[in-house]
Protein chains: 2
Amino acid sequence: MNDYDQIKVHLTSKSKEKPPFDKLQFGRNFTDHMFVMDYKEGLGWHDARIIPYQPLQLDPSAMVFHYGQSVFEGLKAYLNTDGDVLLFRPSENMKRLNRSNNRLCIPQIDEEFAVEALKRLIQIDHEWVPNGEGTSLYIRPFIISTEPFLGVAPSKAYQFYIIMSPVGAYYKEGINPVKIAVQSEFVRAVKGGTGNAKTGGNYAASLKAQESAEGLGYSQVLWLDGNEHKYIEEVGSMNVFFKIDGEIVTPELNGSILEGITRNSVIKLIKHWNLPLTERKVSIDEIFEAHKQGKLEEAFGTGTAAVISPIGEFFWQDEKIVLNDHKTGKIAKQLYETLTGIQKGTVPDPFGWSIPAYNTSKKATAVN
Amino acid sequence: MNDYDQIKVHLTSKSKEKPPFDKLQFGRNFTDHMFVMDYKEGLGWHDARIIPYQPLQLDPSAMVFHYGQSVFEGLKAYLNTDGDVLLFRPSENMKRLNRSNNRLCIPQIDEEFAVEALKRLIQIDHEWVPNGEGTSLYIRPFIISTEPFLGVAPSKAYQFYIIMSPVGAYYKEGINPVKIAVQSEFVRAVKGGTGNAKTGGNYAASLKAQESAEGLGYSQVLWLDGNEHKYIEEVGSMNVFFKIDGEIVTPELNGSILEGITRNSVIKLIKHWNLPLTERKVSIDEIFEAHKQGKLEEAFGTGTAAVISPIGEFFWQDEKIVLNDHKTGKIAKQLYETLTGIQKGTVPDPFGWSIPAYNTSKKATAVN
């Protein structure tokens, strides 16, 4: 059986004008089509379809507007030199979507079917995958609760969407170190909360701290744990790594840190390179102390949007430390080049992470 | 100047059929109209209007679906025997909406104008205010972020809505004690988070624990603090009070507890009655210990939906304690009768809490 057969397709009668691919912003332009699937209690997930990109129509009492029961994912597709569209570890995203679903009391999706649906959507909108340096097609699967009801309870109806946006380089000139303010007042998440789920509430909670960091001239926030305000959790909406005295360390997964797929890929690559790496608790004191002793060699964030984001400066309790003279460190650079190379199919992929979604040269036969 | 003049009104051409007012559920039926107002960066809040109740049309990338930037309020209107529609402390809801806005980086609204807009909406839909015992018109103001953008940042566009729902008694037979399971694994909120804001993410985070409590045969959850899992925060989506050895105690506001308007009204009433009341930290150990010593006289939740919800049983760490033989306590009963009496205008209102929104006998002149 071909899962494609279950997906009804209604193509747009008129393609939108594409933005110039050399001037792409992040998350502002969307492709011609989107994937939708409905859930209703008793009926399960049903009516999978690809339709023209269009506004959602929801009752004002739809639960997503009131009680935040929603989850999402983010991944990217790249065009390689053979005209293949490559997806990076898409099954991992669908697995994590289901873990988020579990925490938010949203029904599980069929992960394999979701990847197939995504491939079909890419096939239809393949002309929207940009091919310039640093560009990609950003993919946003998300699920929202749609039951029209004001009671606080899990919704009995949901919609699963996949929308796609051609995006430019996250940083205008390759990778540039960012300046980070350590957040001591606001908390992103705590053990027992929703920190390890990709749900809207975590991001809504982060905005106030982000605003305060920007007010200080810093572009992002480093989050400490919600209990002691002592241990490092994440940076902005990325996981974080440090190189201290030759060893690479990253905060261990503890229930409040997001299980980043880029984080996981970075750990696997570093181990593959036989470099020392430890997942453990890392306190902000330790980082500032290591810097004083001249042992803090690198710091960088990892995430789908920026892939690798080197950190050039930390600000905490009126103290500022500068890393590597605001230059990108060696490990960060090596990781960035390897990961983006694997994503675009230009360097060997020993882990089988890059999955061909569609070959654009097969257009004529594959769409029909 | 009359604020009403700023609100454009577009009446429905056909009223919906009303549900039988003696069989109302909670939050399932909505009135004929709704209030809407838009916000755009640079332009501020604008285009206030009352229009027929209808689906919202939003881009799939509208930020509310992804990053949970939303806030809401809940209040009730009652019909008194003179045909007046009464609102209970509506300004307090709009003040709290602005406090929630501040935490979620949503622009402030004009609180007075919002109350006026609500009164105008009630005037138009006054036939939807039910008059049976235990019934009321539940009012849901809410704000959602609408900018079509996938970046994590405060939205540059919002919509403020007010929708209204005729509702029945929260409990079928007046007030009945509920059974509560103490939650030790999941956390609702932590200091520095969003616990004291009425935002969707808090409610989304609560669903899993609610589900687990129901699995044990308990109808609601008692939340402990996110740090030590020791101090009592809230019960379900209500504040909580205890009577221990003659003294009424309630957890003090600490940044993670919602500042309930019913909580505030209950505190004012108890002080007005010259009964001893303390706002302080209350540990779950203390409650179970007080019960062992025969000193735990009452427990009850407070909130807009149920007004007062007596608690008949707590379950924590395999131990069960029963209060008052599952009967409603004296203070809970007195508070329920006084508060609902003030809300319906049948008992004196020494605080001026009940605000006339509209007199239904003035219908013909007031609508035009």
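Under the annotation held in an unreviewed UniProt entry, chain A carries the name Branched-chain-amino-acid aminotransferase and is attributed to Bacillus mesophilum. Comment text from UniProt for chain A, heading Sequence similarities (unreviewed entry), reads "Belongs to the class-IV pyridoxal-phosphate-dependent aminotransferase family." Recorded under Cofactor (unreviewed entry), the UniProt text for chain A is reproduced unchanged: "pyridoxal 5'-phosphate".

A. A look at the overall build of chain A. What chain A contains, in helices and strands, is eight helices and 19 strands. For chain A, the C-alpha radius of gyration of 21 Å lies close to 21 Å, the compact-globule estimate for 368 residues. The C-alpha extent of chain A, read off along each of the three principal axes, is 65 × 55 × 35 Å. The buried share of chain A, taken over its 368 residues, is 61%. Accessible area for chain A stands at about 14,500 Å²; split by element, carbon and sulfur atoms hold 47% of it. Computed over 40 positive and 45 negative side-chain charges, the inter-centroid distance for chain A is 2 Å.

B. Here's a closer look at the packing of helix H2 (residues 90-103) of chain A against helix H3 (residues 111-124) of chain A. Residues and elements named next belong to chain A. H3 packs onto H2 with a crossing angle of 130 degrees between their chain directions and a minimal axis gap of 9 Å. Relative to H3, H2 is oriented oblique. In the packing of H2 onto H3, the handedness of the crossing is right-handed. Contact residues: H2 offers Pro90, Ser91, Met94, Lys95 and Asn98, while H3 offers Glu111, Ala114, Val115 and Leu118.

C. Focus on the pattern of salt bridges. Scanning the entire structure with this criterion turns up 31 salt bridges over all chains. Between Glu73 of chain B and Arg96 of chain B there is a salt bridge whose closest N-O contact spans 2.7 Å. Residue Glu73 of chain B is located in the loop between strand E5 (70-72) and strand E6 (75-79), and its partner Arg96 of chain B is located in helix H2 (residues 90-103); the two are separated by 23 residues in the primary sequence. Among the residues examined, Glu73 of chain B registers a relative accessible area of 0% and is labelled buried. A salt bridge links Glu259 of chain B to Arg99 of chain B, with the shortest nitrogen-to-oxygen separation between them at 3.3 Å. Taken as a pair, Glu259 of chain B in the loop between strand E14 (247-251) and helix H5 (261-272) and Arg99 of chain B in helix H2 lie far apart in primary sequence, 160 residues in all. Taken together, the shared-partner salt bridges connect Lys8, Asp38, Asp47 and Arg49 of chain A into one network.

D. Structural context of the relation of the copies chain B and chain A. In screw terms, the move from chain B to chain A is a rotation of 180 degrees and a rise of 0.0 Å along the axis, fitting with an RMSD of 0.0 Å. Taken together, these values place the two copies in the relation of a two-fold axis. Residues of chain B ranked by C-alpha distance from the rotation axis are headed by Gly201 of chain B, positioned 2.0 Å from it.

How each quantity is defined
- Residues numbered from 1 in each chain as written.
- Chains lettered and ligands numbered in written order.
- Predicted model: local features only at pLDDT ≥ 70, side-chain atom pairs only at ≥ 80, totals over all residues.
- Heavy atoms only, no water.
- UniProt positions renumbered as here; feature names shortened; annotations may be inferred.
- Helix = DSSP H or I, 4+ residues; strand = E, 2+ residues; numbered from the N terminus.
- Rg over C-alpha atoms; globule rule 2.2 N^0.38 Å.
- Buried < 20%, exposed > 50% of the residue type's maximum accessible area, 1.4 Å probe, protein only.
- Areas by Shrake-Rupley, 256 points an atom, 1.4 Å probe, with all protein chains shown as cover.
- Lys, Arg positive; Asp, Glu negative; His and termini not counted.
- Charge placed at Lys NZ, Arg CZ, Asp CG, Glu CD.
- Axes fitted to C-alpha atoms, helices over the stretch in contact; angles between N-to-C directions.
- Parallel < 35°, antiparallel > 145°, perpendicular 65-115°, else oblique.
- Left-handed = near helix turned anticlockwise from the far one by under 90°.
- Contact = heavy atoms within 4.5 Å.
- Salt bridge = Lys/Arg side-chain N within 4 Å of Asp/Glu carboxyl O.
- Least-squares fit on C-alpha atoms with pLDDT ≥ 70 in both.

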